[in-house]
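# Survey of secondary and tertiary structure
Here are the chains, one letter per residue:
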Amino acid sequence: MASLLADAFAVEIGAKEPWPDNVSLYQPFEVGQILLPDFAACLGVKTYLSMCGLNYELVFKKNAEHMSPSGKVPFMHIGPFLISEFDPIVAFVNTKGFHLSSHLEETERGEMRAYMSLVDNVLLNAELYLSWCQEDVVTEVSRPRYGSVYPWPLNKVLSWKKYYEERRRLKAMGWAQKTLEEVCEEVKTCCQALSEKLDKNLYFFGDNPSELDALVYGHLYTLLTTVLPVSRFAEIIQEFDNLSQFVSRIDSKYHSKDLQH
Amino acid sequence: MESVQAKQPPTTTPEQQPQKLKPVHRMLLGFTGQEDRKIFNQIPAHVNKVHVDGLEHTKHDIVIKQVKDVLEAQSIGEICVRAHTAQSKLRKLDIFKDIQFFIDTSKGKQSGTNDYEVIFEVEERRLGGGIHGEVGTNDGAVRTAFKFLNLFGRAENVNMEYSYGTKMTSGSLMFSKPLFENPDILFRTGGYQHHGEYPWSGYRTIDRGLLADIQFPSRLGSHTLSCEGVWRELGCMNRTTAFAVREQAGHSLKYALKHIFARDHRDNNILPNKGTLFTCTQELAGVDDKVLGFVKHNMEFQAFKQLPLSTVFQLSLGGGIMKPLQSGTEVSIQDHFFLGGPLTLRGFNINAVGPSSDGNALGANAYWLGGLHLYTPLPFRIGKGGFDDHFRTHMFVNAGSLGNVNFDSNMKEDLQRLAETYRLSYGLGIVVRIGGLARLELNYCVPAQVRQGDSSNVGLQFGIGVTFS
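None of the values given here were measured: they were computed from a predicted structure.

It is worth spelling out the packing of aromatic side chains at this point. For any pair of aromatic rings, the description rests on two quantities: the centre-to-centre distance and the angle between the ring planes. Throughout the structure, instances matching the rule amount to 18 aromatic pairs over all chains. Seen in terms of ring centroids, Y26(A) and F243(B) are 5.6 Å apart; in terms of plane orientation they differ by 55 degrees. Their pairing is tilted. Here Y26(A) is found in strand β1 (residues 24–27), whereas its partner F243(B) is found in helix α4 (residues 243–246) on a different chain. In this pair, the class of Y26(A) matches that of F243(B), namely buried. One aromatic cluster is present, formed by W132(A), W160(A), Y163(A) and Y164(A) through successive ring pairs. Here R143(A) stacks its cationic end above the ring of W160(A), 3.7 Å away from the centre of that ring.

Encoded structure:
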């Protein structure tokens, strides 16, 4: 608890300084190592920073996951601070004076938080389920990719270790016991809610992007473009036209160069 | 009960007519004074038979090898010496609870008046272990060991250990066996898991490894050849760990071939009065996918000389250097040299000398360390009898340096800089020998030369440990 307070205090003090030039964002290697959920998380953060117009340097490290203070990627190194994961990074950027959702009212902001929480609970867990509970994906994609950066025998040992850890976590959340059909249903429901909210607008909240747009883009782009032995989620998302258009719109605006995956 | 016997053909009657003593019956021999020893060495004797009682599980060949030298004895004194040596060799096998020997006159038709028998009585044990305290540098641990002994009859031992300490927790399972039936040549193999904390650098590690080594003596000293494979996992201790250390977090694999040479001729390993110590370590290691990663050398030398008025003078020298074999090999902070401590470079905090970042020591790939000490007995008596022997006062001067040497570009300048940026400290204090296990020092230190980034400790410094310089 004391360290949480210290962190918050430190961030408040850091807020006085402007955005420095040497900000780095750390993530695993995109070509051979990164997995589905991590790619979605990193893309969400990168899109958010681009939407805010903030500069950063992207650093690829095979041990990014272990370097991160919370054990999750991406994490940002800004001055003396280390901030990892989407929500804390957004909060930190806000303290620096950059807001994407300042034009929203309280109720809308509450709604945005609710949708972000929906995305985290459904889409993120669905990605984890796909990566670690579908046997085809596990043996052909997840385990080989996770261990690819380590020498033998670590590649085998660590990929199995990660497999057991993720499965245990999903089991605790109740997701490991679901069938693929049930997970697809949940994804469909989530996409339905997002599609209804987006409707015919450019972004979820009017004509300007918000955190929710960055987060949703990260997950949807990942699910649509990643080639996996099981591609059910991509098909589900494609049923919702406005979501596919949303993804390509943001892609062309904020990510004009192609991202390798 | 089984017994092993080794017989020699009966002797011819000896030519000399030496001083005749009464026949020696069951006599447990210990050493007496110089005069007695001279007498004992003059009495000719001949060993007819060596008899070992109490062997059930142990194979005979290994026992015979340890005791057969006793047959060569030519005098009573020599019988004692050789039997004593055989006893310590048997003890080194670690498979007997108790070893005693008796010298008796030889009974039998062909025995002459100078023929003797030596009888060893041993008690085998199959299980062993215990709880011991261990001391590291300013940290301690409790070690619990459990051993299965003499598995196949030739002193094959399996040793399971678990240590729990202030800065580390470790467990290991080792199989050991003397080679060529020689207890001095020991082969060991096994696995271990070691959790360590390194607060001076802000990280903790979990090392899981497999190792195999052979230890053997030579004319000059003892050698150990080992090969080892370790899975290392490095994690930061807290959020304030320096980024330079945080960058090395994660998993890595290291495999190493090591050669250690040690020659310890000091009369005591905690408070020596005379003698020298020389150890030298070479390591060839590969990291991750680089089979030839780096070469590491480390040397240590100590010399003690007794001076008049019960003072002892000590000179210590040490140095090490590490060279990456392929350009671009990143050497992990776990393999770096560190310098500083209450028993080595006094006046500086543990491992806090040299390159650092945000208060965490990073270590470097080269160092040198020197020390001059003068030990005197305490100026006053504090206890009775030999209690004061465990205390000394000492005055010391320590100097050393730690730095990175870049082998690619300006190596000569780096080495010169390493010599020029020396750290220096002097002081005096009290040294205590604790139970033959550890050395305790309480010194008043004056760090005379401190460089940027070092963390020094002016004034009283307390240290406890086993290795010192």
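Having put the structure on the table, let's press on.
All names here are of chain A. The first and last C-alpha atoms of helix α8 (residues 180–198) sit 26 Å apart over 19 residues, in line with the 27 Å expected at 1.5 Å per residue. The complete set of buried residues in α8 reads L180, V183, C184, V187, C190, C191, L194, S195, K197 and L198. Angular distribution of buried residues about the axis of α8 spans 160 degrees; they occupy a single face of the element. Opposite the packed face of α8, turned more than 90 degrees from it, sit the exposed residues E185 and E196. Elements in contact with the buried residues of α8: α5 (106–133), α9 (211–225), α10 (232–238) and α11 (241–254).

For the rest of this paragraph, the subject is the layout of surface pockets. Here the second largest pocket is characterised by a volume of approximately 1000 Å³. In terms of lining, the second largest pocket is formed by 43 residues, of which the most central are E65(A), S70(A), G71(A), K72(A) and V73(A). When residues of the lining of the second largest pocket are traced back to their parent elements, those giving at least two are α2 (36–52), α3 (64–67), α4 (86–95), α5, α7 (154–173) and α9 of chain A together with β11 (222–236) and β12 (250–264) of chain B. For the lining of the second largest pocket, the leading source of residues is α7(A), giving seven residues. In the lining of the second largest pocket, the residues fall into 18 nonpolar, 11 polar and 14 charged.

Bringing empty space enclosed by the protein into the picture now. Residues and elements named next belong to chain A. Applying the stated criterion to the full structure yields four cavities of 30 Å³ or more. Reported here for the largest cavity is a volume of approximately 80 Å³. Around the largest cavity, the lining residues are P28, Q33, I34, L35, D38, K62, E65, Y146 and K162. Looking at the lining of the largest cavity, its residues break down into four nonpolar, one polar and four charged.

Attention shifts here to the confidence of the model for chain B. Residues and elements named next belong to chain B. Of the residues in chain B, 91% reach a pLDDT of 70 or more, and the chain-wide mean stands at 87. The secondary structure element of chain B with the lowest average pLDDT is strand β1 (residues 2–7), at 53, and the one with the highest is strand β10 (residues 203–217), at 96. Every residue in residues 9–31 scores below 50 in pLDDT, and together they form 23 contacts with partners more than four places removed in sequence or on other chains. For this predicted complex, the interface score ipTM comes out at 0.85, alongside a pTM of 0.84.

On to the interface of chain B and chain A, then. Residue-level contacts link 13 residues of chain B with 20 residues of chain A. When the buried surface of chain B facing chain A is broken down by residue, R239(B), F243(B) and H251(B) rank first, second and third, together holding 41% of it. In this assembly, chain B and chain A are joined by two salt bridges. Mapped by element, the contributors of at least two residues to the side of chain B that touches chain A are β11, α4 and β12 of chain B. Among the elements that line the side of chain B that touches chain A, the one with the most residues is β12(B), at four residues.

The next point concerns the state of the cysteines. For the structure shown, the criterion picks out zero disulfides over all chains. No disulfide involves C190(A); its sulfur sits 5.6 Å from that of C191(A), the nearest cysteine.

Attention shifts here to the environment of L225(B). Residue and element names in this part refer to chain B. Among the structural elements, L225 can be located in strand β11. It is 22 Å that separates the C-alpha atoms of L225 and G171, two residues lying 54 residues apart in sequence. Beyond its immediate stretch of four places on either side in the chain, L225 contacts A212, D213, I214, F216, K258 and H259.

A word on the environment of N398(B). Residue and element names in this part refer to chain B. Mapping N398 onto the fold places it in strand β19 (residues 391–403). Between the C-alpha atom of N398 and that of T344, which follows or precedes it by 54 residues, the distance is 7.8 Å. Residues contacting N398, with those up to four places away along its chain left out, are T344, L345, R346, G370, G371, H373, R423, L424 and S425. Engagement of the side chain of N398 in a polar contact is seen with the side chain of R346, the distance being 2.9 Å. A distance of 3.5 Å separates the side chain of N398 from the backbone oxygen of G370, its partner in a polar contact.

About the thresholds
Residues numbered from 1 in each chain as written. Chains lettered and ligands numbered in written order. Predicted model: local features only at pLDDT ≥ 70, side-chain atom pairs only at ≥ 80, totals over all residues. Heavy atoms only, no water. Phe/Tyr/Trp six-rings, centres within 6.5 Å; stacked < 30°, edge-to-face > 60°. Helix = DSSP H or I, 4+ residues; strand = E, 2+ residues; numbered from the N terminus. Buried < 20%, exposed > 50% of the residue type's maximum accessible area, 1.4 Å probe, protein only. Lys NZ or Arg CZ within 6 Å of the ring centre and 35° of its normal. Expected span 1.5 Å × (residues − 1). Arc of directions from axis to C-beta. Contact = heavy atoms within 4.5 Å. 1 Å grid on protein atoms, 1.4 Å probe; cavity = no way out; pocket = protein on both sides within 12 Å on 5 of 7 lines; lining within 4 Å. Points joined across faces, edges and corners; volume = space filled by probe spheres on them. Nonpolar A, V, L, I, M, F, W, Y, C, P; charged D, E, K, R; others polar. pLDDT = per-residue confidence, 0-100. Buried area = accessible area lost by both parts, 1.4 Å probe. Salt bridge = Lys/Arg side-chain N within 4 Å of Asp/Glu carboxyl O. Disulfide = S-S within 2.5 Å. Polar contact = N/O pair within 3.5 Å; in protein donor to acceptor, adjacent residues only side chain to side chain.

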